[in-house]
Amino acid sequence: MEALLTQSAYQSVLVLWLAVVLDAVWRWPLSSHPLTLMRYLVRQMGFKVLPSLSYSRSQHYISGSLAAIVLLAPLIVCLAILIYMAQYPAFFEAVIMVALLDFAYQRHQFSKILKTVGKNKKVLTRETVDTIVARECTQLTDVGIAKAAIESLWLKFLYLYCGVIFYFMLAGPIGALTYRLLLLTSWQWHYRNPKMVHFAKPVRKLVSLLVVPPALLGCVAVLLFTHPVKGIRAVKRSKARDKTSLLLALFGGIQNIQLGGPAFYHGRKYRYPRVGGAEQVKYSDMIRSKRTIVGAMAVVTAIASVFLLLVAVQTQTLSEVF
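As the structure is a prediction and not an experimental result, all values here were calculated from the model. (Residues numbered from 1 in each chain as written. Predicted model: local features only at pLDDT ≥ 70, side-chain atom pairs only at ≥ 80, totals over all residues. Heavy atoms only, no water.)

Looking at the layout of surface pockets
So, point 1. Taken as a whole, the largest pocket spans an internal volume of roughly 1500 Å³.
So, point 2. Lining the largest pocket are 48 residues, with Val133, Ala134, Lys156, Trp187 and His190 sitting closest to its centre.
So, point 3. Taken together, the elements giving at least two residues each to the lining of the largest pocket come down to helix 3 (34-49), helix 6 (104-118), helix 8 (142-188), helix 9 (201-210), helix 12 (243-255), strand 1 (258-265) and strand 2 (268-276).
So, point 4. In terms of residue count, the dominant contributor to the lining of the largest pocket is helix 8 (13 residues).
So, point 5. Tallied by class, the residues present in the lining of the largest pocket amount to 23 nonpolar, 14 polar and 11 charged.
So, point 6. What the second largest pocket holds in volume is close to 320 Å³.
So, point 7. In terms of lining, the second largest pocket is formed by 19 residues, of which the most central are Arg135, Leu140, Thr141, Gly144 and Pro262.
So, point 8. Ranked by the residues each element gives to the lining of the second largest pocket, the list is headed by strand 1, at 6 residues.
So, point 9. Split by residue class, the lining of the second largest pocket holds 6 nonpolar, 7 polar and 6 charged. (1 Å grid on protein atoms, 1.4 Å probe; cavity = no way out; pocket = protein on both sides within 12 Å on 5 of 7 lines; lining within 4 Å. Points joined across faces, edges and corners; volume = space filled by probe spheres on them. Helix = DSSP H or I, 4+ residues; strand = E, 2+ residues; numbered from the N terminus. Nonpolar A, V, L, I, M, F, W, Y, C, P; charged D, E, K, R; others polar.)

Here it is in structure tokens:
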């Protein structure tokens, strides 16, 4: 047993399980979370080096790329060296994964929205929704609040939860860290901000490619135990073919609820297509959606665990042969 635990592949399984279990039972306070500091630093870096609108697009692209590299690369390299030199790297890997897999905050905010919606506290509900979405929430109706909360929880599950686990499977904690920091940067430099539209484009384009594999993993996971036929039909029926609309169509089809629609960003209205099912979102749909995503979390964890165990067995077999 001791020999098995010393294998890095088996340690990866234990690190994954520790991070998932802690995320399920404990929420790291936002005030002391390391990513809170990173959000502040990324936001301040963006404001500091953002060129004025009079500069060319290429200057914005260069500034945005260099700002991300200068801010993120030193942290990633330092942590990689720390893990490499540590006598017990699994400890530091576990700490990093617990910090990166911060999906408990999203679930907590969603639960707060459920409580305030049930008590008909619109102002408080809008304020809570505002903490998990990038859109303006002051004009949201009851249906709009429910849709925004469900869409945020679903997309954060795909991009954040599935993304961190997927890149941990492929490239270990440093791969997951790199992905998570790029995702954080993309969210802080939101492309719907007119001043950031060109500045944020290099990071956004990179992240838009990186999120595809984990999003597919999350979609497969949710289809395995829900209504795959309804979800696939909704995707085929969707007139919009962009990534976000297709992901919302899949989840809306599974739940038979209508997602998407108009949204306000920085005072401007964007008319996104309505996708998914035929029914308007109700309070009961919010509860059902949360249960579905929690179930998908378990499936994704199981898939990742099996993958890492297979890698561990293969590694051990090869080591015995050679």
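Topic: a nonpolar patch on the surface
So, point 1. Residues Val77, Ile81, Tyr84 and Met85 make up a contiguous nonpolar surface patch of roughly 500 Å² in combined accessible area.
So, point 2. Relative to the assigned elements, Val77 resides in helix 4 (residues 57-85).
So, point 3. Classification of Val77 by relative accessible area gives partly exposed; the value is 46%. (Patch = residues over 30% accessible without salt bridge, like charges linked within 9 Å, V, L, I, M, F, W, Y side chains within 5 Å. Areas by Shrake-Rupley, 256 points an atom, 1.4 Å probe, with all protein chains shown as cover. Salt bridge = Lys/Arg side-chain N within 4 Å of Asp/Glu carboxyl O. Buried < 20%, exposed > 50% of the residue type's maximum accessible area, 1.4 Å probe, protein only.)

Digging into the side chain of Lys156
So, point 1. With respect to the secondary-structure elements, Lys156 resides in helix 8.
So, point 2. We note that Lys156 is buried and unpaired, the nearest opposite charge coming from Asp102 at a distance of 9.6 Å.
So, point 3. Those residues in contact with Lys156 that sit more than four places away from it in its chain are Phe103, Gln106, Ile132, Tyr161 and Trp187. (Lys, Arg positive; Asp, Glu negative; His and termini not counted. Contact = heavy atoms within 4.5 Å.)

Structural notes on the UniProt feature "transmembrane region" (unreviewed entry) in the protein
So, point 1. Mapped onto this numbering, the UniProt entry gives "transmembrane region" (unreviewed entry) at residues 12-30, 61-82, 157-183, 203-225, 246-265 and 293-313.
So, point 2. The span residues 203-225 carries 91% helix and 0% strand; its end-to-end C-alpha distance comes to 34 Å.
So, point 3. Span residues 293-313 is 100% helix and 0% strand, its end C-alpha atoms 30 Å apart. (UniProt positions renumbered as here; feature names shortened; annotations may be inferred.)

Comments concerning empty space enclosed by the protein
So, point 1. Under the defined criterion, the tally for this structure stands at 1 cavity of 30 Å³ or more.
So, point 2. Among the elements that take part in the lining of the largest cavity, helix 2 (residues 8-25) stands out by supplying 3 residues, more than any other.
So, point 3. By residue class, the composition of the lining of the largest cavity is 7 nonpolar, no polar and 3 charged.

Remarks on the environment of Leu182
So, point 1. The topology assignment puts Leu182 in helix 8.
So, point 2. A relative accessible area of 14% means that Leu182 is categorised as buried.
So, point 3. Once the C-alpha coordinates of Leu182 and Ile62 are considered, the two residues, 120 residues apart in sequence, prove to be 16 Å apart.
So, point 4. Once residues within four sequence positions are removed from consideration, Leu182 is found in contact with Leu72, Val203, Leu206, Val207 and Leu210.

Quick word on the pattern of salt bridges
So, point 1. Applying the stated criterion across every chain yields a total of 5 salt bridges.
So, point 2. In this structure, Arg107 and Asp23 form a salt bridge, with 2.9 Å as the shortest nitrogen-oxygen distance. In this pair, Arg107 sits in helix 6 while Asp23 sits in helix 2, placing the two residues 84 residues apart along the sequence. Summarising the burial analysis for this pair, Arg107 and Asp23 share the class buried.
So, point 3. Between Arg135 and Glu151 there is a salt bridge, and its shortest N-O distance comes to 3.0 Å. Residue Arg135 is located in the loop between helix 7 (122-129) and helix 8, and its partner Glu151 is located in helix 8; the two are separated by 16 residues in the primary sequence.
So, point 4. Taken together, the salt bridges that share partners define one network made up of Lys282, Asp285 and Arg288.

Structural notes on helix 7
So, point 1. Three or more residues of helix 7 are buried, namely Thr125, Thr128 and Val129. Burial along helix 7 is one-sided: seen end-on, the buried residues are contained in an arc of 100°.
So, point 2. Check the buried side of helix 7 and you find it contacts helix 6 and helix 8. (Arc of directions from axis to C-beta.)

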